[in-house]
Each structure stands twice: as C-alpha cells, then as structure tokens.
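Report on the structure
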Amino acid sequence: MQNDLQVIIRAMRRDDAADIYEIVNQHAFRFSTLALPYESFETIAKWLEPQSPRDLHYSAELDGRVVGASALRPFLGRRAHAAEFWIGVHENYARVGIGSKLLAAMIDTADNWLNIKRLEMTVFTDNVAALALYTKFGFAIEGTHRAASFRDGEFVDAHCMARLR
C-alpha cells in the first residue's frame, strides 16, 4: 500500500463506531493497548464518548471508511497544561502513515489551539512501530513501568513517554 493515501482526518462521528469497533477488536490493537478481547459494541461505543468537554476525538477516513482513530484528552486543574492520547489503526492499513497523520493533527491541536505544553502516554516496550512513531514526533522515554500490564499470558513492561514544547 502506498504512503500517499488520501486520508481525511476529521472529528469522530457516532456512525464511526462500527468501523472503530472492528479496529479495537483486532489482535494488533488488543496486543498493543490495554483493550480486552470480546468487548461488546456498547462498551466500545461508550469508551469512544468524550470523558470531558475538552476531549477531542479524531477519525482517519479513507474511501468512506474509518481506518484509524485517536483521542486527545487534556487534563484539568493543575495539569491543564498536559494531555494524554491514544491512537489505533486498522491492521490492513498499518505502517502507511495513518498514525502519523492522526498524531500530527493531535499535536497541531494541542500546540496551536489548546496551549498544551506536555503530551504524554504509555507504550509497551516491545511496540517498535509505535516507539518509532512517537520518537519521530519528538517524544522521549521518561521511564519504564515494570510489569505494567498482563498481556497474552505474561507481564509486560511499558515506557512512559512525553513530548514537551
């Protein structure tokens, strides 16, 4: 697949839930995130709802289908200068630039519209593709959470990463 796909990054809509449900239930998404297998459509749809009025949810659309999604979740109070995020891309469209387009849109919003100084997330230490993506956008590893999660029958570590502007 080519890297010059005409992907549209836009605000997530309710009718995107079915495509995102498919992404969330793929092995690659579950393996790389804290998602559990066999989560119901209703559970995923609720998870996709903003948790705060400041949350922004993005969809990556290609030929009328959502092939990637993400959310930018700014914190409140004394952490209002910081935000966390997640990204998911359909297995059939991995490593063609969709994650980069989603992350670039979130960073643009954080930097130029929300005055976010710190973007942070955790990523499994063996998620080479995500680590490369985040590093490309200026994120640095700040530490490692040992045995951070139980995945596929074993405990796995996760890096905490952040980008400060």
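Before reading on, note that the structure itself is shown above.
Residues numbered from 1 in each chain as written. Predicted model: local features only at pLDDT ≥ 70, side-chain atom pairs only at ≥ 80, totals over all residues. Heavy atoms only, no water.

Applying the stated criterion across every chain, the model contains seven aromatic pairs. Ring pairs connect the aromatic residues Phe29, Trp47 and Trp86, which therefore count as one cluster. We note Arg151 situated over the ring of Phe31; from NZ or CZ to the ring centre the distance is 3.8 Å. (Phe/Tyr/Trp six-rings, centres within 6.5 Å; stacked < 30°, edge-to-face > 60°. Lys NZ or Arg CZ within 6 Å of the ring centre and 35° of its normal.)

Most of strand β2 (residues 56–62) sits inside the fold, with six of its seven residues counted as buried. One ladder, built from four bridges, connects strand β1 (residues 8–11) with β2; its direction is antiparallel. Note on β2: the bridge partner recorded for Ala11 is Tyr58. Looking at chain direction, β2 and strand β3 (residues 65–74) are connected through seven bridges and run antiparallel. Considered in β3, the bridge of Ala60 is made with Gly68. What sits between the antiparallel neighbours β2 and β3 is a turn of two residues, in which Asp63 has the positive phi angle 50°. (Buried < 20%, exposed > 50% of the residue type's maximum accessible area, 1.4 Å probe, protein only. Helix = DSSP H or I, 4+ residues; strand = E, 2+ residues; numbered from the N terminus. Pairing = 2+ DSSP bridges.)

This part covers the pattern of salt bridges. Per the stated rule, a full pass over the model turns up twelve salt bridges. Close ionic contact of Arg73 with Asp55 constitutes a salt bridge, the shortest N to O distance being 3.6 Å. One end of the pair, Arg73, is in strand β3; the other, Asp55, is in the loop between α3 (41–48) and β2, and 18 residues separate them in sequence. For Arg163, the salt bridge goes to Asp111, with nearest N and O atoms at 2.8 Å. Of this pair, Arg163 sits in strand β7 (residues 154–164) while Asp111 sits in helix α4 (residues 98–112); the two residues are 52 residues apart in sequence, bridging distant segments of the chain. It is possible to trace a salt-bridge network through shared partners that takes in Arg10, Arg13, Asp15, Asp16 and Glu61. (Salt bridge = Lys/Arg side-chain N within 4 Å of Asp/Glu carboxyl O.)

These results come straight from atomic positions and should not be treated as a statement about function.
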